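# Residue-level structural notes
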Amino acid sequence: PRHMDSVLDILDALESPARGGSPGTAAALGRGLGICSTPGCRAVLGEPPDTPERPPALTLGQWQLLTELLRHDPATPELGVVLAPDGSTVALSPLLAGIEAGLRSGGIGRPLLTLDPPADPLLAVTIAEALGTSFLLAQRGDNNATALGPGGCWDDVENPQNYTLRGPPSPVPDAVAIGAMDGVVLGAQLARGPLPVVELLRGYYGTGNGSEVGRPPSSYRRRHFGAVAGQGRLEKEVAAVLGVLRKLSPTLALLKDVGTQEVAALAHRAAREFSERYVECPAIIPRCLWGARPYQGTPALLQPPLGSVFLHHTLEPAWPCRTFSTCTRAMRDMQRFHQDTRGWDDIGYSFVVGSDGYLYEGRGWHWVGAHTKGYNTQGFGVGIVGDFTATLPDPDTLALVRDELLPCAVRSGHVRPDFTLRGHRQLGHTDCPGNALFQEIQSWPGFQ
């Protein structure tokens, strides 16, 4: 399966001293297979070694999987990704490039090459070059060219084999952005002090396809990446790496006739759009990843921007869900109840909030929901998994809705800047969203 666990088993075989491995083996192997094939990455990490033979520690099946995942081809980015236990899809190339840069900064292996003009090697090999190149291509292409996204869907989250993008690919689809953020977070950690890579990755992603243990550190990647590389720093590094590319010989065709001011404006726009999409806005798990049944009937379109957001608690399940597997199961149970027992066309909420750090797409931004009788066309219904009569969701979950979802909904044009926030009980005969949560939201922006 193209699951992170499969990759960790391979890395364990490669780097385990008991099997003759050593730290950095996987990164060097990855570069031999093609993960650092771009000019900027080679300027930081050096020219790749020759194409390697299959190491004796790996089975033929493991070698075939690794070769497919690490042979970076910009035309088919979906081939280089795996599904992580937190439900995110991670591109391995920027992840392993970040890990190698971090190890070498921390004194493992050869020193990193010095860049001219100076640029942060960790950000250069993970996101800065990819981001700068992507926005240059979009700027030079037709008006429909995008520089970020799209996301995609796995055929089966229990046994992931095939990943399909949900639109035309940019050089930075969602999985590349996620792999790059993870590469920055983990590379920065390795630069402070080397750790066995497999141990680091297992601790970061958790283990098991939808581990029941609890929310893994990887689900905090947006916050942690933002702490290492906020928008201002990212802008500076995109401009710096474009300066490095300009000095390489021969100069990239993309950079010919691009002046200093144009580079600065492009870096500003790239950093702003990346930060808004991948750091400030919450990640949304699409219907295809939680196993949604089809909509029954013909959905009605909403007319954005809408003026209201209605907050709910699910009551059933009564306990917050803290892992990908428990949250996806909760989504399927709620959809089954809403369709089979209530007789609705689909799960009623626009979005559902787990305590695993993710939003789950219900009716989404575009379709009229069945969450607040009499008001469904006027606003989005957001349900938080759990019973919040006597207790509150954890602070991270509250912040996800208050500080990320609501501002993001306004910025993206789905919700009006002067929106009103209401609890379900204000519009119907119900105790929803629970006494504790209703008391809490009265201090939130927009509450009326």
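Residues numbered from 1 in each chain as written. Predicted model: local features only at pLDDT ≥ 70, side-chain atom pairs only at ≥ 80, totals over all residues. Heavy atoms only, no water.

## Considerations on the UniProt feature "domain: N-acetylmuramoyl-L-alanine amidase" (unreviewed entry) in the chain
Basically, it comes down to this: UniProt positions are given in the numbering used here, feature names are shortened, and annotations may be inferred rather than shown by experiment. Secondary structure follows DSSP: runs of H or I at least 4 residues long count as helices, runs of E at least 2 residues long count as strands, and numbering of each begins at the N terminus.
Following the UniProt record, the feature "domain: N-acetylmuramoyl-L-alanine amidase" (unreviewed entry) maps to residues 292–434 here. Taken end to end, residues 292–434 is 24% helix and 20% strand, and its first and last C-alpha atoms sit 27 Å apart.

## Remarks on the state of the cysteines
Put simply, the rule is: Here, the term disulfide refers to a pair of cysteine sulfur atoms separated by no more than 2.5 Å. For the exposure calls, accessible area comes from a 1.4 Å probe over protein chains only, and a residue counts as buried if that area is under 20% of its type's maximum, exposed if over 50%, partly exposed in between.
If you walk through the whole model with that rule in mind, you get 4 disulfides. Disulfide pairing is shown between Cys36 and Cys41; the S-S distance is 2.0 Å. With the S-S bond torsion at -120°, the cross-link from Cys36 to Cys41 turns out left-handed. Cys41 matches Cys36 in its accessibility class, with the two residues each being buried. When the bonded cysteines of the chain are numbered from the N-terminus onward, they pair as 1-2, 3-5, 4-8, 6-7. Take Cys432: it sits in no disulfide, and the sulfur closest to it among the cysteines is that of Cys321, at 16 Å.

## Description of the layout of surface pockets
The test is simple: In this analysis a 1.4 Å probe is tested at points of a 1 Å grid over the protein atoms alone, and where it fits but cannot get out there is a cavity; an open set with protein on both sides within 12 Å along at least five of seven lines is a pocket; lining residues have an atom within 4 Å of a point. Grid points are joined across faces, edges and corners, and a volume is the space filled by probe spheres set on the points. In this classification, Asp, Glu, Lys and Arg are treated as charged, Ala, Val, Leu, Ile, Met, Phe, Trp, Tyr, Cys and Pro as nonpolar, and every other residue, Gly included, as polar.
Empty space within the second largest pocket amounts to approximately 640 Å³. Every residue lining the second largest pocket is counted, 26 residues in all, and those nearest its centre are His338, Arg342, Trp344, Tyr349 and His424. Within the residue set of the lining of the second largest pocket, elements represented by two or more residues are strand 6 (306–313) and helix 13 (324–341). Looking at the lining of the second largest pocket, the element that brings in the most residues is helix 13, giving 4 residues. Classifying every residue of the lining of the second largest pocket gives 9 nonpolar, 12 polar and 5 charged.

## What about empty space enclosed by the protein?
For the structure shown, the criterion picks out 4 cavities of 30 Å³ or more. Taken as a whole, the largest cavity spans an internal volume of roughly 80 Å³. Around the largest cavity, the lining comprises 13 residues; the ones closest to its centre are His72, Asp73, Pro77, Gly80 and Ser93. When residues of the lining of the largest cavity are assigned to their parent elements, the largest contribution, 3 residues, is made by helix 5 (residues 92–105). Here the residues of the lining of the largest cavity are counted per class, giving 7 nonpolar, 4 polar and 2 charged.

## Quick word on the packing of helix 6 (residues 121–140) against helix 7 (residues 174–192)
Here is the rule we go by: Angles run from 0 to 180 degrees between N-to-C directions of axes, and those axes are lines fitted to C-alpha atoms, restricted for helices to the stretch in contact. When describing relative orientation, an angle under 35 degrees is termed roughly parallel and one over 145 degrees roughly antiparallel, while 65 to 115 degrees is termed roughly perpendicular and anything else oblique. For any helix crossing, the convention is left-handed if the near helix is rotated counterclockwise from the far helix by under a right angle, and right-handed if that rotation is clockwise. We call two residues contacting when some pair of their heavy atoms lies within 4.5 Å.
Packing of helix 6 against helix 7 leaves a shortest axis separation of 8 Å and a crossing angle of 160°. In terms of axis orientation, helix 6 runs roughly antiparallel to helix 7. As for the relative orientation of helix 6 and helix 7, their crossing is right-handed in sense. Contacts from Leu122, Leu123, Thr126 and Ile127 of helix 6 reach helix 7 at Ala180, Gly183, Val184, Gly187 and Ala188. Class assignment of the residues belonging to the contact of helix 6 with helix 7 gives a composition of 6 nonpolar, 3 polar and no charged.

## Description of the pattern of salt bridges
Stated formally: By definition, a salt bridge exists where a carboxyl oxygen of Asp or Glu is found within 4 Å of a side-chain nitrogen of Lys or Arg.
Across all of its chains, the model carries 22 salt bridges by this definition. One salt bridge in this structure joins Arg223 and Asp396, with 2.7 Å as the shortest N-O distance. Residue Arg223 is located in helix 9 (residues 221–228), and its partner Asp396 is located in helix 14 (residues 395–411); the two are separated by 173 residues in the primary sequence. Asp396 gets classed as partly exposed once you look at its relative accessible area, which sits at 26%. As a salt-bridge pair, Arg322 and Asp394 come within 3.2 Å of each other at their nearest N and O atoms. With Arg322 in the loop between strand 6 and helix 13 and Asp394 in the loop between strand 9 (379–384) and helix 14, this pair connects stretches of sequence that are 72 residues apart. Since its relative accessible area comes to 40%, Arg322 is described here as partly exposed. What makes Asp394 partly exposed here is its relative accessible area of 23%. When salt bridges that share partners are traced, they join Arg31, Glu100 and Arg104 into one network.

## Quick look at the UniProt feature "domain: Peptidoglycan recognition protein family" (unreviewed entry) in the chain
Here, the residues flagged by UniProt with the feature "domain: Peptidoglycan recognition protein family" (unreviewed entry) are residues 282–428. Within residues 282–428, the helical portion is 27% and the strand portion 21%, while the C-alpha atoms at the span's ends are 29 Å from each other.

## With respect to the packing of aromatic side chains
What describes a pair of aromatic rings is the distance from one ring centre to the other and the angle between the planes of the rings. This is how the line gets drawn: Aromatic rings from Phe, Tyr and Trp, taking only the six-membered ring of Trp, are treated as a pair when their centres fall within 6.5 Å; an angle between ring planes under 30 degrees marks them as stacked, one over 60 as edge-to-face, and anything in between as tilted. Lysine NZ or arginine CZ positioned within 6 Å of the ring centre and within 35 degrees of the ring normal marks a charge as sitting over the ring.
Here the structure, examined in full by the defined rule, presents 8 aromatic pairs. Ring geometry for Phe274 and Tyr278: centres 4.9 Å apart, planes at 45°, overall tilted. Residue Phe274 and its partner Tyr278 are both found in helix 11 (residues 260–280); the two are separated by 4 residues, about one turn of the helix. Phe274 gets classed as buried once you look at its relative accessible area, which sits at 0%. By relative accessible area, Tyr278 is classed as buried at 2%. An aromatic cluster of three or more residues is present, and its members are Phe225, Phe274 and Tyr278. The ring of Tyr220 carries Arg215 above its face, with NZ or CZ at 3.7 Å from the centroid.

## With respect to the environment of Ser308
Stated formally: Here a polar contact means two N or O atoms within 3.5 Å. Within protein one must be a hydrogen donor candidate and the other an acceptor candidate, and residues neighboring in sequence count only if both atoms are side-chain atoms.
One can find Ser308 in strand 6. Since its relative accessible area comes to 8%, Ser308 is described here as buried. Sequence separation between Ser308 and Arg416 is 108 residues; the distance between their C-alpha atoms is 8.0 Å. The residues touching Ser308, leaving out its near neighbours within four places in the chain, are Gln378, Gly379, Phe380, Thr420 and Arg422. Of the polar contacts made by the side chain of Ser308, one reaches the side chain of Thr420; its length is 3.3 Å.

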